[in-house]
Amino acid sequence: QVQLVESGGGLVQAGGSLRLSCAASGRTFSNYAMGWFRQAPGKEREFVAAISRRGGSTAYADSVKGRFTISRDNAQNTVYLQMNSLKPEDTAVYYCAADSGVPWTLAQTTQSSYDYWGQGTQVTVSA
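Bear in mind the structure is a predicted one, so any value in this text is a computation, not a measurement. (Residues numbered from 1 in each chain as written. Predicted model: local features only at pLDDT ≥ 70, side-chain atom pairs only at ≥ 80, totals over all residues. Heavy atoms only, no water.)

## Things to note about the pattern of salt bridges
Next, step 1: In total, this model carries four salt bridges according to the counting rule given.
Next, step 2: Put simply, Arg 38 and Glu 46 hold a salt bridge, and the shortest N to O gap is 2.7 Å.
Next, step 3: The class of Arg 38 is buried, set by a relative accessible area of 6%.
Next, step 4: Taking the relative accessible area as the measure of exposure, Glu 46 reaches 36% and is therefore partly exposed. (Salt bridge = Lys/Arg side-chain N within 4 Å of Asp/Glu carboxyl O. Buried < 20%, exposed > 50% of the residue type's maximum accessible area, 1.4 Å probe, protein only.)

## Describing the sheet that holds strand S8 (residues 78–83)
Paired through their backbone hydrogen bonds, the strands of a sheet run either parallel or antiparallel.
Next, step 1: Strand order in the open sheet formed by four strands is S1-S3-S8-S7, and the pairing between neighbours is antiparallel. At either margin of the open sheet sits one strand with a lone partner, and together these are strand S1 (3–7) and strand S7 (68–73). Between one strand and the next, the sheet's axes are offset by a mean angle of 15°, whatever the strand orientation.
Next, step 2: The pairing of S1 with strand S3 (residues 18–25) spans five bridges and is antiparallel. If you follow Leu 4 over to S3, its bridge partner there is Ala 24. (Pairing = 2+ DSSP bridges. Helix = DSSP H or I, 4+ residues; strand = E, 2+ residues; numbered from the N terminus. Axes fitted to C-alpha atoms, helices over the stretch in contact; angles between N-to-C directions.)

## Re the pairing of S7
Next, step 1: Only one face of S7 is covered, namely the face carrying Phe 68, Ile 70 and Arg 72; the face carrying Thr 69, Ser 71 and Asp 73 is uncovered.
Next, step 2: The sheet contact formed by S7 and S8 spans six bridges and is antiparallel. Bridge pairing in S8 links Thr 69 to Gln 82.
Next, step 3: In this structure, the hairpin formed by S7 and S8 is closed by a connection of four residues, where Asn 77 is found at a positive phi of approximately 55°.

## Side note on unusual backbone geometry
Backbone geometry follows two general trends: most residues other than glycine have a negative phi, and most peptide bonds adopt the trans configuration.
Next, step 1: With a phi close to 55°, Asn 77 is a non-glycine residue in the positive phi region.
Next, step 2: Among the structural elements, Asn 77 can be located in the loop between S7 and S8.
Next, step 3: What makes Asn 77 partly exposed here is its relative accessible area of 26%.
Next, step 4: In this structure, Ser 85 is a non-glycine residue whose phi angle is positive, near 50°.
Next, step 5: Here Ser 85 shows up in the loop between S8 and strand S9 (92–99).

## Some details on the environment of Arg 19
Next, step 1: Structurally, the position occupied by Arg 19 is in strand S3.
Next, step 2: When near neighbours in sequence (up to four residues on either side) are disregarded, Arg 19 contacts Ser 7, Gly 8, Tyr 80, Leu 81 and Gln 82. (Contact = heavy atoms within 4.5 Å.)

## Side note on the state of the cysteines
By definition, a disulfide is the covalent link that joins the sulfur atoms of two cysteine residues.
Next, step 1: A full pass over the atoms with the stated rule returns one disulfide.
Next, step 2: A sulfur-sulfur separation of 1.9 Å characterises the disulfide bridge that pairs Cys 22 with Cys 96. With the S-S dihedral at roughly 45°, the linkage between Cys 22 and Cys 96 falls on the right-handed side. With a gap of 74 residues between them, Cys 22 in strand S3 and Cys 96 in strand S9 connect regions that are remote in the sequence. (Disulfide = S-S within 2.5 Å.)

If you want it as structure tokens, here you go:
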């Protein structure tokens, strides 16, 4: 089992930046593909970004492509989400997740494939 703890959320003006972190503990971090998802009020949780086990492959939702960057540091057991040019529609609770059942090179975009989830961190973007 792996435990995930997100941090770095907060309130930012439109056009600003935030960097989310997700610290993992419990198992070998490099065994897991990692993803970021978000859930806005009244909406279903949706995929944001994913990264393969060694970081060689990434995937992004169309809505964040070119603005968000996912990265990981396997030595620090941490995955990051750099969010630039934030928009009010990016307001949501952001969750990181870990998936152990994928090939080494896959950046998993399918939410149901993920085994472990963090508690989430709130990101609020004001207009």
